[in-house]
Amino acid sequence: MIGFYTILLLIVSNIFMTLAWYGHLKLQEMKIISNWPLFAVILFSWGIALAEYSCQVPANRIGFNGNGGPFSLMQLKVIQEVITLVVFTLFSTLLFKGEALHWNHVAAFACLILAVYFVFMK
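Residues numbered from 1 in each chain as written. Predicted model: local features only at pLDDT ≥ 70, side-chain atom pairs only at ≥ 80, totals over all residues. Heavy atoms only, no water.

- In the nomenclature of an unreviewed UniProt entry, the chain is known as DMT family protein of Candidatus Gallibacteroides avistercoris.

Structure below.
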């Protein structure tokens, strides 16, 4: 179950991370924060990033095999990167018109799946 909780926390963390890094672009496009000064957008994003770190740090702590979890440090990082790209792909293709998934993106994801395979290989 620790592995499940680790991955769940990483997914939630990456949702917040994607919102912090790219959500302000959608809010600007929607004219919600288009007049905000850059420092206000940065502070807004930092607030969202705090929620991201509140999930990311516990995920790494409980998931790391040095703390009794099932994953090595390399495995945690590769899992996190794959989750990040899946969340970002869903975010960008669903919320931003004109952003589409192309063959080279699919090829890159296949390489990431291979990375997961290799990082878990004994």
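### Brief notes about the overall build of the chain
For step 1, the next point in the chain: Broken down by element type, the chain carries 4 helices and 0 strands.
For step 2, the next point in the chain: Going from N to C terminus, the chain has its helices and strands arranged as α-α-α-α.
For step 3, the next point in the chain: Seen through its C-alpha atoms, the chain measures out along the principal axes to roughly 50 × 35 × 20 Å.
For step 4, the next point in the chain: Scored against the burial criterion, the 122 residues of the chain give a buried share of 30%.
For step 5, the next point in the chain: Within the chain, residue pairs in contact and separated by at least 24 positions form 70% of the contacts whose partners lie at least 6 positions apart.
For step 6, the next point in the chain: As displayed, the chain offers around 8200 Å² of accessible surface, 74% of which is attributable to carbon and sulfur atoms.
For step 7, the next point in the chain: With 6 positive and 4 negative side-chain charges, the chain shows a spacing of 5 Å between the two charge centroids. (Helix = DSSP H or I, 4+ residues; strand = E, 2+ residues; numbered from the N terminus. Buried < 20%, exposed > 50% of the residue type's maximum accessible area, 1.4 Å probe, protein only. Contact = heavy atoms within 4.5 Å. Areas by Shrake-Rupley, 256 points an atom, 1.4 Å probe, with all protein chains shown as cover. Lys, Arg positive; Asp, Glu negative; His and termini not counted. Charge placed at Lys NZ, Arg CZ, Asp CG, Glu CD.)

### A word on the packing of aromatic side chains
How two aromatic rings sit relative to each other is given by the distance of their centres and the angle of their planes.
For step 1, the next point in the chain: For the structure shown, the criterion picks out 7 aromatic pairs.
For step 2, the next point in the chain: Considering the side-chain rings of Trp36 and Phe44, the 5.6 Å spacing of their centres and the 90 degrees angle between planes classify their relative orientation as edge-to-face.
For step 3, the next point in the chain: Here Trp36 falls in the partly exposed class, since its relative accessible area comes to 37%.
For step 4, the next point in the chain: One aromatic cluster in this structure is built from Trp21, Tyr22 and Phe88.
For step 5, the next point in the chain: Here the basic side chain of Lys26 rests over the ring of Phe96, its NZ or CZ set 5.6 Å away from the ring centre. (Phe/Tyr/Trp six-rings, centres within 6.5 Å; stacked < 30°, edge-to-face > 60°. Lys NZ or Arg CZ within 6 Å of the ring centre and 35° of its normal.)

### A short note on a nonpolar patch on the surface
For step 1, the next point in the chain: On the surface, a cluster of nonpolar side chains totalling about 670 Å² of accessible area is made up of Met1, Ile2, Phe4, Tyr5, Leu8, Val12 and Ile62.
For step 2, the next point in the chain: Here Met1 shows up in the segment before helix 1 (2-29). (Patch = residues over 30% accessible without salt bridge, like charges linked within 9 Å, V, L, I, M, F, W, Y side chains within 5 Å. Salt bridge = Lys/Arg side-chain N within 4 Å of Asp/Glu carboxyl O.)

### A look at helix 3 (residues 73-95)
For step 1, the next point in the chain: With 23 residues, helix 3 should cover 33 Å at 1.5 Å per step; its first-to-last C-alpha distance of 32 Å lies within 8% of that length.
For step 2, the next point in the chain: Burial in helix 3 covers these residues: Gln75, Leu76, Val78, Ile79, Gln80, Ile83, Thr84, Val87, Thr89, Phe91 and Ser92.
For step 3, the next point in the chain: Where helix 3 is buried, its residues contact helix 1, helix 2 (38-63) and helix 4 (103-120). (Expected span 1.5 Å × (residues − 1).)

### Some words on the nonpolar core
For step 1, the next point in the chain: Of all hydrophobic cores here, the largest spans 7 residues; its members are Leu10, Ala59, Phe71, Leu76, Ile79, Ile83 and Val87.
For step 2, the next point in the chain: Top element by residues in this core is helix 3. It accounts for 4 residues.
For step 3, the next point in the chain: Those residues in contact with Ile83 that lie beyond four places of it in its chain are Ile7, Leu10, Ile11 and Asn14. (Core = buried A, V, L, I, M, F, W, Y, C linked by side-chain atoms within 4.5 Å.)

### Notes on the UniProt feature "transmembrane region" (unreviewed entry) in the chain
For step 1, the next point in the chain: The sites that UniProt annotates as "transmembrane region" (unreviewed entry) are residues 7-24, 36-55, 76-96 and 102-120.
For step 2, the next point in the chain: Structurally, residues 36-55 is divided into 90% helix and 0% strand, and its ends, taken at the C-alpha atoms, are 28 Å apart.
For step 3, the next point in the chain: Helix and strand shares over residues 102-120 are 95% and 0% respectively, and the end C-alpha atoms of the span are 28 Å apart. (UniProt positions renumbered as here; feature names shortened; annotations may be inferred.)

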